[in-house]
Amino acid sequence: MAEPGYEDLSDEQIRHMIATAPRARDRFLVALLACTGLRIGEALGLHRGDMHLLTSSRAVGCGIEGPHVHVRRRTDNPNRALAKSRFSRMVPVTAELVALYTDYQYERDRVAQAAESEMVFVNLFRPPLGGAMSYPNTKETFDRLARTAGHACRPHMLRHSAATRWLRDGVDRDVVQRLLGHASPLSMERYRHVDDAEARAAVEHIDSLKERP
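Residues numbered from 1 in each chain as written. Predicted model: local features only at pLDDT ≥ 70, side-chain atom pairs only at ≥ 80, totals over all residues. Heavy atoms only, no water.

K.L.:
Before we move on, can you summarise the overall build of the protein with the specific residues and values?
P.N.:
Regarding its fold elements, the protein presents 8 helices and 3 strands. Put simply, of all contacts in the protein between residues at least 6 apart along the chain, 59% involve residues at least 24 apart. Per element, the accessible surface of the protein, about 11,800 Å² overall, is 55% carbon and sulfur. (Helix = DSSP H or I, 4+ residues; strand = E, 2+ residues; numbered from the N terminus. Contact = heavy atoms within 4.5 Å. Areas by Shrake-Rupley, 256 points an atom, 1.4 Å probe, with all protein chains shown as cover.)

K.L.:
Describe the nonpolar core, and please don't skip the residues or the numbers.
P.N.:
Residues Phe28 and Phe121 are the most contacted members of the largest nonpolar core, which totals 53 residues. Where this core is concerned, the elements lending two or more residues are α1 (11-20), α2 (24-36), α3 (40-44), β2 (68-71), α4 (95-109), α5 (135-149), α6 (155-168) and α7 (173-180). Here this core takes 9 residues from α2, the largest share from any one element. (Core = buried A, V, L, I, M, F, W, Y, C linked by side-chain atoms within 4.5 Å. Buried < 20%, exposed > 50% of the residue type's maximum accessible area, 1.4 Å probe, protein only.)

K.L.:
Got a sec to walk through unusual backbone geometry? Specific residues and values, please.
P.N.:
Each neighbour pair has its own omega, and for Pro127 with Pro128 the value is -5 degrees, a cis peptide bond. Mapped onto the elements, Pro128 comes out in the loop between α4 and α5. Phi angles above zero are rare outside glycine, and Arg80 is one such case at about 65 degrees. Mapped onto the fold, Arg80 is located in the loop between β2 and β3 (89-92).

K.L.:
Account for the pairing of β2, naming residues and giving values.
P.N.:
Burial along β2 is two-sided: His68 and His70 facing one way and Val69 and Val71 facing the other are all buried. Note that β2 and β3 share 4 bridges and pair antiparallel. The residue bridging Val71 from the neighbouring strand is Arg89, located in β3. (Pairing = 2+ DSSP bridges.)

K.L.:
Describe in detail the environment of Arg72, supporting the description with residues and values.
P.N.:
In this structure, Arg72 sits in the loop between β2 and β3. Setting aside residues up to four positions removed in sequence, Arg72 forms contacts with Asp50, Ala83 and Ser88. Only 2.4 Å separates the side chain of Arg72 from the side chain of Asp50, close enough to count as a polar contact. (Polar contact = N/O pair within 3.5 Å; in protein donor to acceptor, adjacent residues only side chain to side chain.)

K.L.:
Describe the packing of aromatic side chains, naming the residues involved and giving the relevant values.
P.N.:
The final tally for this structure, using the stated rule, is 5 aromatic pairs. Aromatic pair Phe28 and Phe121: ring centres 5.6 Å apart, planes at 25 degrees, arrangement stacked. A residue pair is termed long-range when its members are at least 10 positions apart, and Phe28 in helix α2 and Phe121 in the loop between α4 and α5 qualify at 93 residues. When its relative accessible area of 0% is taken as the criterion, Phe121 is described as buried. Centroid distance Tyr101 to Tyr104: 6.4 Å. Interplanar angle 70 degrees. Geometry classified as edge-to-face. One end of the pair is Tyr101 and the other is Tyr104, both in helix α4 and 3 residues apart, which spans about a single turn. Of the two residues examined, Tyr101 and Tyr104, each falls in the buried class. Aromatic rings pair up to connect Phe28, Tyr101, Tyr104 and Phe121 into one cluster. For Arg23, the ring lying beneath its charged end belongs to Phe125, and the centroid distance is 4.1 Å. (Phe/Tyr/Trp six-rings, centres within 6.5 Å; stacked < 30°, edge-to-face > 60°. Lys NZ or Arg CZ within 6 Å of the ring centre and 35° of its normal.)

K.L.:
So what about the packing of α6 against α7? Which residues, and what values?
P.N.:
In the contact formed by α6 and α7, the axes pass within 10 Å of each other and the chain directions differ by 160 degrees. One element, α6, and the other, α7, form an angle in the roughly antiparallel class. Judged by the sense of rotation from one axis to the other, the crossing of α6 with α7 is right-handed. Seen from α6, the contacting residues are Arg159, Ala163, Trp166 and Leu167; seen from α7, they are Arg173, Val176, Leu179 and Leu180. Residues belonging to the contact of α6 with α7 are distributed by class as follows: 6 nonpolar, no polar and 2 charged. (Axes fitted to C-alpha atoms, helices over the stretch in contact; angles between N-to-C directions. Parallel < 35°, antiparallel > 145°, perpendicular 65-115°, else oblique. Left-handed = near helix turned anticlockwise from the far one by under 90°. Nonpolar A, V, L, I, M, F, W, Y, C, P; charged D, E, K, R; others polar.)

K.L.:
Please provide a residue-by-residue account of the sheet that holds β2, values included.
P.N.:
What the 3 strands build is an open sheet, ordered β1-β2-β3; its pairing is antiparallel. Every interior strand has two partners, whereas the edge strands, β1 (51-52) and β3, have only one.

Next up, the structure:
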């Protein structure tokens, strides 16, 4: 069972949330958090220049291959979004996430005021149009998504889901620590909980070994 406050969401629940979210911006936000494990402050603090989503980013002076996102700590974001870690990092992203970002850009381009903002996440449906999306705006968005989905959904649940999925898929703990931006390996313990199915599989595996001649 997960620690209190560190619940995760199943892949099916996350896919359902993305499918039922009525706005491209919100679909991209959910998918971004689930794909990268970013903290909500890190996501809201992203600038468009942080989104290196082409196969090669050498044209913008970045030698990292493949689509990825740069997470940087800034203290002057207009929405006061702040990355917890003082160290910048890079997080790879999937082709599916790139497609959702493209959809969001089409939606964003319909709001003229949004063109003036360097922030990735901006207000498109309520004043101030084009303004950086705030923490309260985001909470309202997730509250709406939770009502539609029929289950609790908070940004940190998506971060926890990403971490748990990576660990269960066998990704090295040091790699997961780097992806999440944790300074200490002790911070990883909260993400790796053992569920009932895993416990049963382990016991049955040991039992099957005993039966061998």
